[in-house]
Amino acid sequence: MIFSFSAFAHQRACAWKQRERQSQIASLPAEHSEPLSLSEQKFHALSIAQLVSQCRSGIISPPEVMLAYSKKALRAHRATNCISDFMFNKALAIPSVANWVPGVDPDNSISDSDMGSERSLMGVPVSIKDTIDIVGHDSTISFSRNVNKPAAKSSSIVRLLQDSGALILAKTTVPTGLLSIETYSDLFGQTTNPYSRAHTPGGSTGGGAALLACGGSKVEIGTDLAGSARIPAHFCGLWSLKGSFGRFPSWGSASSLPGAEGVPILAAPMAGSLEDLSEFWKRVIMAKPWLYDHTCIPMLWKDINLQDEGRKLKWGVIWEDGTIPPTPATRRALSMVITALKRQGHEVVDFNPPDVYHGLKLGYRLLFGDGDSEHIEPHRPAITGQQIRETLLPSETLNASAMSVLNLLALPRLLKTFLARLTRNTPNWFRRLFGGGDHITADFYHIMQSRSVYEERQNIHAREEYRAAWHEKWISEGIDFVLTVPHAFPALRHNASEKTTLMSAGYTFIFSLLDYTAGILPVTFVDRASDALPTEFFSSEQYLNMNSVARLAYTAYDAEDMHGLPLGVQVVGKRLEEEKVLEGMKIIEAALAKQGHIFVPGNLPTSSAWTDSSNRLF
């Protein structure tokens, strides 16, 4: 089917895609809607290593695993609206699985030498973000223009996974255009958080996070530009690791900002446990992804065990990003980790790196460089937010926070310059009493300008100088890891990102700009008593002294409403230190366990606690 660009093209494309998805569900055998058997429940308790070993030895079969996970995936989708494309049957049709022969490993083991074989992920259920190409399936980015335009070739990570025997069971929902910390689109509707229907799972890998948290897959392959995998992991109580450019196969993923390499978008896996995340990363690297992806570095996996070394590590803490301070809940989760590490004898210090806010401004300039172009080509009409705006069909909508960025880009350059000066010069007394602009608002007006090639190169040079300053500071301080919050807030209510804005992603975005390795692990849950704001907070000096962006954002925080939502921390290492960061995450989990803090997911949509009439699961 070919959709025209008439006024009704968007509505027709949405209706067509939704009918296609519903027909996929309707065609599933009745057994997919049946409760899990006891043996199927046991499949979900197996780690990745155990799944692979038992599939290879013939104790269980890939079809049995597929049925067990498809049952949970279907229930997860009905509860959270997280799947964009069902591929349950196709997952079993790939050669490495269809030609599976049981009993090839009677000793029920797998060695490192087998990690790169075509069977190293045999029987592991994996979901894939909508944006990642799978031959014969759409990569819509939730743009209706991309409906019924199936990919001609699978991405590098999909081909590697299929050669390794993984079961790719579904593609997952994303927000329109990706630039959002919520997951909503006209094409697929709203995806909800497994812990609360009233809250978002995050974005842009929101569908994958919701599916994974419900147990509908073992691993989600997301992407991460400014926290698109890390923020959903934090919001949904998951583990994730964004590597450095070239370490994990990313070629073959659609983007709403193709060619924006100042801050590249990377594929990033998420998992339901740290053990599975680490094992999955290792098996992908051992499969030599550079043979599938020309952007990958031929760098083998290096086993690291800092715990056996017994060395006490130095952890640097970044408390604020200069834009929005952490809320009481996220600050408490970070403090829990700090306390646990100190009690194990590790050194934990406040880390004062090169100005984080300055780095964020550099990143925003690189990310939002396609604003109005009349100063570059005066004879042409202004093109504003070109890459996203030109992809939208008439009547297609964006998330409010993304739309605000486009609207700002649409303003004439001279007007933005005037507004920047006006807001920068707003007296503090006026701002405190009546609201209004400050230096951050003024900076954003200035940032949202188009860039010439010359200006773009200047920004790239400034980025490298900034990276060099971070490197020097890190080395001089002797830091092993940096700790910070993944986001200032727990999972937000739907539509609340209009208040928090895209600037709330600074805690993750800064490490994308630096190309550092960054991992997320869940720690605890929001507590209505411990995490409440002080009485009269919104008339306090603390609140009135915040910048206007932070003041607006804090109106979205409510510990009572957020009670029971997951809270994570972010663990950061230098560039290409994926193995070390995973080991650092293990050290944190061990330290927390010593204090009696073990993260256990709460009641989720696949449990008996979930009913169609319930809104909260806690």
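Residues numbered from 1 in each chain as written. Predicted model: local features only at pLDDT ≥ 70, side-chain atom pairs only at ≥ 80, totals over all residues. Heavy atoms only, no water.

As named in an unreviewed UniProt entry, the chain is Amidase domain-containing protein, taken from Amanita muscaria. Database annotation for the chain, UniProt heading Sequence similarities (unreviewed entry): "Belongs to the amidase family." (UniProt positions renumbered as here; feature names shortened; annotations may be inferred.)

**Let's talk about the nonpolar core**
Residues L161, I221, F280, W315, W470, F511 and M585 are the most contacted members of the largest nonpolar core, which totals 146 residues. Top element by residues in this core is helix α11 (residues 328-343). It accounts for 8 residues. Here this core spans two domains, and each of domain 1 (18-102 + 116-291) and domain 2 (315-594) adds at least three residues to it. In contact with F511, not counting residues within four places along its chain, are R230, K242, I318, W470, V482, T484, Y516, A518, Q570 and V572. By size, the runner-up hydrophobic cluster in this structure holds 28 residues, among which are I60, M122, A170 and L211. (Core = buried A, V, L, I, M, F, W, Y, C linked by side-chain atoms within 4.5 Å. Buried < 20%, exposed > 50% of the residue type's maximum accessible area, 1.4 Å probe, protein only. Helix = DSSP H or I, 4+ residues; strand = E, 2+ residues; numbered from the N terminus. Domains from an automatic or database assignment. Contact = heavy atoms within 4.5 Å.)

**Structural notes on the packing of helix α12 (residues 356-367) against helix α18 (residues 453-477)**
The interhelical angle for the contact between α12 and α18, taken along N-to-C directions, is 150 degrees, at an axis separation of 10 Å. On the basis of the axis angle, α12 is roughly antiparallel to α18. In this structure, α12 crosses over α18, and the sense of that crossing is left-handed. In this structure, α12 uses V356, H358, G359, L362, R365 and L366 to contact α18, whose residues at the interface are E456, N459, I460, A462, R463, Y466 and W470. Per-class residue counts for the contact of α12 with α18 are 7 nonpolar, 3 polar and 3 charged. (Axes fitted to C-alpha atoms, helices over the stretch in contact; angles between N-to-C directions. Parallel < 35°, antiparallel > 145°, perpendicular 65-115°, else oblique. Left-handed = near helix turned anticlockwise from the far one by under 90°. Nonpolar A, V, L, I, M, F, W, Y, C, P; charged D, E, K, R; others polar.)

**So, empty space enclosed by the protein**
Inspection of every chain in the model, using the stated rule, returns 4 cavities of 30 Å³ or more. Taken as a whole, the largest cavity spans an internal volume of roughly 240 Å³. Split by residue class, the lining of the largest cavity holds 14 nonpolar, 8 polar and 1 charged. Summarising the domain contributions, the lining of the largest cavity has at least three residues from each of domain 1 (18-102 + 116-291) and domain 2 (315-594). (1 Å grid on protein atoms, 1.4 Å probe; cavity = no way out; pocket = protein on both sides within 12 Å on 5 of 7 lines; lining within 4 Å. Points joined across faces, edges and corners; volume = space filled by probe spheres on them.)

**Re the sheet that holds strand β12 (residues 517-525)**
Taken in spatial order, the 11 strands of this open sheet run β1-β3-β2-β6-β8-β7-β12-β13-β11-β9-β10, and their pairing is mixed. On the outer flanks of this sheet lie β1 (83-86) and β10 (347-350), each paired with one strand and no other. In this sheet, neighbouring strand axes are inclined to one another by 30 degrees on average, regardless of whether the strands run parallel or antiparallel. By the bridge criterion, 3 bridges tie strand β7 (residues 239-242) to β12 in an arrangement that is antiparallel. Counted as the bridge partner of S240 is I520 from β12. In this fold α11 packs onto β9 (314-317), β10, β11 (481-484), β12 and β13 (566-573), with an angle of close to 55 degrees to the strand it touches most, β13. (Pairing = 2+ DSSP bridges.)

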